[in-house]
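Breakdown of the fold
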There are 2 protein chains.
Amino acid sequence: MNDLAKRTISGALFVAIMAFCITFDRITYFCLFWCIMLYGMREFFNISIGESMKLQRAMAILCGLCGFLAVYFLECYAKASVTLVSVLVSCCFLLLLAIPISCIFRQNHEDHGNLSYIYAALLYIALPIALSPKLVMDCEVFDGWMLLSLFIIIWMSDVGAYAIGTALGQKPDSRKLAPSISPKKSWWGFWGAVVIGTATAVGLHYLTWLPFSLAHCIAVGVIISVGAVCGDLVESMWKRYFHVKDSGNAIPGHGGVLDRFDSSLIAIPLSCIYLSIFGLI
Amino acid sequence: MNDLAKRTISGALFVAIMAFCITFDRITYFCLFWCIMLYGMREFFNISIGESMKLQRAMAILCGLCGFLAVYFLECYAKASVTLVSVLVSCCFLLLLAIPISCIFRQNHEDHGNLSYIYAALLYIALPIALSPKLVMDCEVFDGWMLLSLFIIIWMSDVGAYAIGTALGQKPDSRKLAPSISPKKSWWGFWGAVVIGTATAVGLHYLTWLPFSLAHCIAVGVIISVGAVCGDLVESMWKRYFHVKDSGNAIPGHGGVLDRFDSSLIAIPLSCIYLSIFGLI
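Below or above, wherever it landed, is the structure these notes cover. (Residues numbered from 1 in each chain as written. Chains lettered and ligands numbered in written order. Predicted model: local features only at pLDDT ≥ 70, side-chain atom pairs only at ≥ 80, totals over all residues. Heavy atoms only, no water.)

**Notes on helix H10 (residues 257-277) of chain B**
Residues and elements named next belong to chain B. The first and last C-alpha atoms of H10 sit 30 Å apart over 21 residues, in line with the 30 Å expected at 1.5 Å per residue. The largest bend in H10 is about 30 degrees, located at Ser-264. Where burial is concerned, most of H10 is hidden: 18 out of the 21 residues are buried. Following H10 by one or two positions, Gly-279 adopts a phi angle in the positive range, close to 65 degrees. (Helix = DSSP H or I, 4+ residues; strand = E, 2+ residues; numbered from the N terminus. Expected span 1.5 Å × (residues − 1). Bend = angle between axes of the 7 residues up to and from the residue. Buried < 20%, exposed > 50% of the residue type's maximum accessible area, 1.4 Å probe, protein only.)

**What about helix H8 (residues 187-206) of chain A?**
Residue and element names in this part refer to chain A. Compared with the 28 Å implied by 1.5 Å per residue over 20 residues, the 29 Å span of H8 between its first and last C-alpha is a close match. The complete set of buried residues in H8 reads Gly-189, Phe-190, Gly-192, Ala-193, Val-194, Gly-197, Thr-198, Thr-200, Ala-201, Leu-204 and His-205. Buried residues along H8 sit in contact with helix H7 (145-168) and helix H9 (214-242). Phi turns positive, to about 60 degrees, at Thr-208, one or two residues after H8. (Contact = heavy atoms within 4.5 Å.)

**Here we look at the nonpolar core**
Ranked by internal contacts, the top residues of the largest apolar core, which has 194 residues, are Phe-44 of chain A together with Phe-44 of chain B. Excluding anything up to four places from it in sequence, Phe-44 of chain B contacts Tyr-117, Ala-120, Ala-121, Tyr-124, Ile-125, Trp-238, Phe-242 and Leu-258 of chain B. (Core = buried A, V, L, I, M, F, W, Y, C linked by side-chain atoms within 4.5 Å.)

**Some details on the interface of chain A and chain B**
Contacts between chain A and chain B engage 41 residues on the former and 42 residues on the latter. The largest share of the area that chain A buries against chain B comes from Ile-104, Leu-123 and Met-237 of chain A, three residues that together contribute 16% of it. The tally of links from chain A across to chain B stands at zero salt bridges. Remark: the boundary between chain A and chain B carries one residue pair in polar contact (both at pLDDT 80 or more). Elements with a minimum of two residues in the side of chain A that touches chain B: helix H4 (82-104), helix H5 (115-130), H9 and helix H10 (257-277) of chain A. Split into classes, the residues belonging to the side of chain A that touches chain B amount to 31 nonpolar, seven polar and three charged. (Buried area = accessible area lost by both parts, 1.4 Å probe. Salt bridge = Lys/Arg side-chain N within 4 Å of Asp/Glu carboxyl O. Polar contact = N/O pair within 3.5 Å; in protein donor to acceptor, adjacent residues only side chain to side chain. Nonpolar A, V, L, I, M, F, W, Y, C, P; charged D, E, K, R; others polar.)

**As for the environment of Asp-138 of chain B**
Relative to the helices and strands, Asp-138 of chain B resides in strand E1 (residues 137-138). Once the C-alpha coordinates of Asp-138 of chain B and Tyr-241 of chain B are considered, the two residues, 103 residues apart in sequence, prove to be 40 Å apart.

**Details of a nonpolar patch on the surface**
Residue and element names in this part refer to chain A. A surface patch of nonpolar side chains, amounting to about 350 Å² of accessible area, comprises Tyr-206, Leu-214, Ile-218 and Val-222. In terms of residues, the nonpolar patch owes the most to one element, H9, which gives three residues. On the secondary structure map, Val-222 appears in helix H9. Taking relative accessible area as the criterion, Val-222 reaches 33% and is therefore assigned partly exposed. (Patch = residues over 30% accessible without salt bridge, like charges linked within 9 Å, V, L, I, M, F, W, Y side chains within 5 Å. Areas by Shrake-Rupley, 256 points an atom, 1.4 Å probe, with all protein chains shown as cover.)

**Some words on the state of the cysteines**
Evaluated as defined, the whole model comprises zero disulfides over all chains. Not part of a disulfide, Cys-21 of chain A finds its nearest cysteine sulfur in Cys-31 of chain A, a span of 7.6 Å. Looking at the unpaired Cys-217 of chain B, the closest cysteine sulfur is the one in Cys-272 of chain B, lying at 16 Å. Note on Cys-217 of chain B: relative accessible area 0%, which makes it buried. (Disulfide = S-S within 2.5 Å.)

**Details of the relation of the copies chain A and chain B**
Least-squares fitting of chain A to chain B yields an RMSD of 0.0 Å, with the transformation described by 0.0 Å of translation along the axis and a rotation of 180 degrees. Those values place the two copies in the arrangement expected of a two-fold rotation axis. Residue Ser-116 of chain A of chain A places its C-alpha closer to the rotation axis than any other residue of that unit, at 2.6 Å. Residue by residue, 100% of the interface of chain A is reproduced at the interface of chain B, so both copies engage with the same surface. (Least-squares fit on C-alpha atoms with pLDDT ≥ 70 in both.)

**Points about the side chain of Arg-106 of chain A**
Residue and element names in this part refer to chain A. In this structure, Arg-106 sits in the loop between H4 and H5. For Arg-106, a relative accessible area of 17% gives the class buried. Look past the residues within four positions of Arg-106 in its chain and what remains in contact with it is Ser-52, Met-53, Gln-56 and Asp-111.

**A word on the packing of H4 of chain A against H10 of chain B**
Between H4 of chain A and H10 of chain B, the shortest axis-to-axis distance is 10 Å and the interhelical angle comes to 155 degrees. In terms of their interaxial angle, H4 of chain A and H10 of chain B are classed as roughly antiparallel. Regarding H4 of chain A and H10 of chain B, the two cross each other, and that crossing is left-handed. Residue-level inspection shows Ser-90, Phe-93, Leu-94, Leu-97, Pro-100 and Ile-101 of chain A of H4 of chain A in contact with H10 of chain B, the latter providing Leu-265, Ile-266, Pro-269, Leu-270, Ile-273 and Ile-277 of chain B. Each residue belonging to the contact of H4 of chain A with H10 of chain B can be placed in one class, and the counts come to eleven nonpolar, one polar and no charged. (Axes fitted to C-alpha atoms, helices over the stretch in contact; angles between N-to-C directions. Parallel < 35°, antiparallel > 145°, perpendicular 65-115°, else oblique. Left-handed = near helix turned anticlockwise from the far one by under 90°.)

**Describing the environment of Leu-4 of chain A**
Of note, Leu-4 of chain A is situated in helix H1 (residues 3-24). Residue Leu-4 of chain A is classed as exposed on the basis of its relative accessible area, which comes to 64%.

**Some words on the environment of Cys-230 of chain B**
Note on placement: Cys-230 of chain B falls in helix H9 (residues 214-242). Along the sequence, Cys-230 of chain B and Ala-267 of chain B sit 37 residues apart, while their C-alpha atoms lie 8.1 Å from each other. Excluding residues within four positions of it along the chain, Cys-230 of chain B makes contact with Ile-101 and Ile-104 of chain A together with Ile-266 of chain B.

**Quick word on the packing of aromatic side chains**
Remark: the centre distance and the inter-plane angle together describe each pair of aromatic rings, the angle taken between the planes. Applying the stated criterion across every chain, the model contains 44 aromatic pairs over all chains. Between Phe-151 of chain A and Trp-155 of chain A, the aromatic rings sit 5.9 Å apart at their centres with planes inclined by 40 degrees, giving tilted as the arrangement. Of this pair, Phe-151 of chain A and Trp-155 of chain A both sit in helix H7, four residues apart, which is roughly one turn of the helix. Taking the centre distance of 6.2 Å and the plane angle of 65 degrees together, the rings of Phe-14 of chain B and Trp-155 of chain B count as edge-to-face. Remark: Trp-155 of chain B occurs in helix H7 (residues 145-168) and Phe-14 of chain B occurs in helix H1 (residues 3-24); sequence separation between them is 141 residues. (Phe/Tyr/Trp six-rings, centres within 6.5 Å; stacked < 30°, edge-to-face > 60°.)

**A few points about unusual backbone geometry**
Positive phi, normally seen in glycine, also occurs at Met-53 of chain A, with a value near 55 degrees. In this fold, Met-53 of chain A is placed in the loop between helix H2 (26-48) and helix H3 (54-77).

**Section: the packing of helix H8 (residues 187-206) of chain B against H9 of chain B**
Residue and element names in this part refer to chain B. Running from amino to carboxyl end, H8 crosses H9 at an angle of 145 degrees, the nearest separation of the two axes being 8 Å. In the packing of H8 onto H9, the handedness of the crossing is right-handed. In this structure, H8 uses Phe-190, Ala-193, Val-194, Gly-197, Thr-198, Ala-201, Val-202, His-205 and Tyr-206 to contact H9, whose residues at the interface are Leu-214, Cys-217, Ile-218, Gly-221, Val-222, Ser-225, Val-226 and Val-229. Within the contact of H8 with H9, the residues separate by chemical class into twelve nonpolar, five polar and no charged.

This is the structure we're talking about:
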């Protein structure tokens, strides 16, 4: 099987699984996002600290899970289960304190600076994913269509960046976006992402998948496309720093989980902030 | 002036300023803790990433301030100013996303791994300090005596560790606490910290500065003393990793701000978690 066929099949399967899990039920949504957090953090640890600090890695992943569940139950049952939320938040903070304390008992202190990558994974990967329940829960009702719409905007803006960037941005005189990080990305690609992303948001508005006014949909489209491009560059920057090409090999032909979700790690929390400010979620 | 006199005078001044600022008013408390956060983070950045990433350092410090203010207003006015809190939380998240994005535009990507120390400072220094308003606000009423009591327990447990450790723990056969990090600290010192810290908590219970039952005061005393020893060792570990003796020279004879507050960075959030679980704050 050639590479393009492998990429197409695994890409289609990926979209189908994402769409099913996000919209079907809160359990499928939870399993999917928990896997993304788990594998995303594992990949980040593998490329940054390798095999060391296994205990601290596990505690960080558990801390992310506790935070994720805390936001979920806060959105899910509001005041009814305030005890559960405060227990989860306490666990989250306890783990956060236990991570440096547990390092005291390690024999090797030469690689203690690796602890900072554990903190980075928590803020760069776990926190954005832990915020996602805000986008799927409306009081006690689970509704994943809005979150799926945001992912569709991200995917379409990726397609737009690739299509316009390939068609117009590869001439020798076309201005590059960030040549020191990603030599191929051009400003044409950036504008392609913004235009296609925003057009997709407008389309989703008329499909009523995005339940906001047209103006808000346009704003969300712009924010998500810009966020997606930034997210992509930030992950490229990490990979360049660690001298790796892909974050992993979880998805055949597409690299690792982190490579697939790099855009969302910036785009989804950005849209979350926008929608919160305007009281739309 | 010899070293001991300098240490004594600046130590006494330090305790007097702390006690005044924590108990006088919410403004003095805020100024003090904001300075601790600002200088603590600056010192951590100075020893970890030096002069690089000035913009990202500034954004991290601002992010810490927003989080601190958000917790303060959440504790202070409860539901009345929910808009203010959500604006501050949004600023906090926006800055958190802006930190990696701003790195894209840097010319030098060789030191991109330093970004992880920015994240570390946020979770290791800013977060514990940002939680402290939970300990001084009781609905709309400011009351700093409980927080001061917790600091007194920390200081007394430090004195206990030093006194008992010097008296009993310096024999050749006395077991060391963590010889690879801090060769002088002995288990005798640890037990000294726990005993004196707990005794201080009991004393503060009878002074009614700590408004909890005797059992809770004993528990808080044990938690704070153990947390203080751990916090001390965690900071020693960072300093050993960065090959520095002191984190700075802000307090004459006592090193930097971080050297003075290392114990509190673990002890205060630990006690915060304990008191939250039992509904005492």
